[in-house]
Amino acid sequence: MRSGHLNRFDNFHMKQSREKWKNDTESVLPPCDRVVERNRAITSRYASFYLRNQRLFKWAGMAAFASNQVGVALAFLEIMQTPGRILSGERKENKGGLFEGIGDIFGNGLRMVIGLPLAALDLAARNLLLDDLEKIRAGNNNIYDDIAWAHAAYIGGGLAEIEANITENEKEFLLDGFRLIDEGASLLKNGGDSVRAAALVRKGNIKLLRHEQINTLQPVFDAISPQGRIVVSFGSEMNFGEGAPPGASQRASFADHFGYVETLTGQRSVIRPDDRWRWIEDCVLPAWNAVDESFHSWKGVASRFNAMEAGETNLLQEAARFAATLSFLE
């Protein structure tokens, strides 16, 4: 696990173009058609940013958990795309696939847990859900493409590297966010007010979150079908697992927060920016802050991040739970 203050002039402070920074962050990922493996690599990359400097890269830490949750939906997408093979317990041979190496016994278990919800979907509903899940996959890729490069640029060349490569629509949240983070980092480096520094860093990271939610994610959500909006709302949660310290909430669920009836009837929807941001402020951020603030005092936090960085996952079990959501909606 890495620690210590970030060297803003890492890599000899060499100026690079935005395209080069994006190519650098893209080069560590599998191709887009290796869906589950690519998601796992994105999660790993976010976790590595956070572990590199936990004091500064708060958004990356939270993004690792969010990307891991998206991986649950993508695992379910793979199940739906190959239901015959999966439910019969056959092996899927493509490298990096979720079900590579699954045996007959586990296949039988999946048939019991997932088979009925899948069978309940007619062809039209199945295709609609597949299309919506493809949009979620694209959104996961878009967020990484929009924000990961800036983390790499900050590590490699400091704030000036971001300022030299920013676009107009990124100034309000992405650039301002890194300026606040950099101001906090300077205070920490120079022995200034640590409380103020921490507040600046956290405020800056929330700006990055606003950029993600408004500029990157909202267009993806707007394109999701009415039926898919309910499924996505029920599937929206942050599961911190053993990363949550004793006494803190392990998960932040949209449906739990607003109520199952309200979510099922569409009175509350994660697609709506106001509903989603209220859930984030009331539920997600407090739970995440408890995890982040216990990084040095609760071993479960570092353990969880190390597991995500290493690509360890329990997507099969989580995908089965996601499938059970469909039977509830039926």
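In short, a report on the structure. (Residues numbered from 1 in each chain as written. Predicted model: local features only at pLDDT ≥ 70, side-chain atom pairs only at ≥ 80, totals over all residues. Heavy atoms only, no water.)

Below, the discussion takes up the overall build of the protein chain. Across its full length, the protein chain carries 15 helices and two strands. A buried classification covers 53% of the 330 residues belonging to the protein chain. Sequence separation of at least 24 residues holds for 72% of the intrachain contacts in the protein chain that already meet a minimum separation of 6. Accessible area for the protein chain stands at about 14700 Å²; split by element, carbon and sulfur atoms hold 53% of it. (Helix = DSSP H or I, 4+ residues; strand = E, 2+ residues; numbered from the N terminus. Buried < 20%, exposed > 50% of the residue type's maximum accessible area, 1.4 Å probe, protein only. Contact = heavy atoms within 4.5 Å. Areas by Shrake-Rupley, 256 points an atom, 1.4 Å probe, with all protein chains shown as cover.)

Our next topic: the packing of aromatic side chains. Scanning the entire structure with this criterion turns up 16 aromatic pairs. Ring geometry for W288 and F305: centres 6.2 Å apart, planes at 70°, overall edge-to-face. Placement of W288 in helix α13 (residues 273-293) and of F305 in helix α14 (residues 299-309) is noted, with a sequence separation of 17 residues between them. Judged on exposure class, the residue W288 and its partner F305 are both buried. Through a chain of ring-to-ring contacts, the aromatic side chains of Y50, F65, F240, W288, F295 and F305 assemble into a single cluster. Lying over the aromatic face of W277, R210 brings its terminal NZ or CZ to 4.4 Å of the ring centre. (Phe/Tyr/Trp six-rings, centres within 6.5 Å; stacked < 30°, edge-to-face > 60°. Lys NZ or Arg CZ within 6 Å of the ring centre and 35° of its normal.)

We now examine the packing of helix α9 (residues 194-222) against α13. Axis separation between α9 and α13 bottoms out at 12 Å; the angle between their running directions is 140°. On the basis of their axis angle, the class for α9 and α13 is oblique. When the axes of α9 and α13 are compared, the crossing they make is right-handed. Only P273, R276, W277, I280, L285, N289, D292 and E293 of α13 make contact with α9, whose side of the interface consists of R202, I206, L209, R210, Q213, L217, Q218 and F221. Of the residues that constitute the contact of α9 with α13, the class distribution is eight nonpolar, three polar and five charged. (Axes fitted to C-alpha atoms, helices over the stretch in contact; angles between N-to-C directions. Parallel < 35°, antiparallel > 145°, perpendicular 65-115°, else oblique. Left-handed = near helix turned anticlockwise from the far one by under 90°. Nonpolar A, V, L, I, M, F, W, Y, C, P; charged D, E, K, R; others polar.)

This part covers the pattern of salt bridges. Applying the stated rule across the entire model yields 18 salt bridges. With a shortest N-O distance of 3.0 Å, E26 and R38 are connected by a salt bridge. Pair noted here: E26 is in helix α1 (residues 18-26) and R38 is in helix α2 (residues 35-52), with a separation of twelve residues, a long-range link. Accessibility expressed as a relative area gives 5% for R38, which makes it buried. For R137, the salt bridge identified is with E134, shortest N-O distance 2.7 Å. Of this pair, R137 and E134 are both found in helix α6 (residues 123-157), three residues apart, which corresponds to roughly one turn of the helix. For E134, a relative accessible area of 27% corresponds to the partly exposed category. (Salt bridge = Lys/Arg side-chain N within 4 Å of Asp/Glu carboxyl O.)

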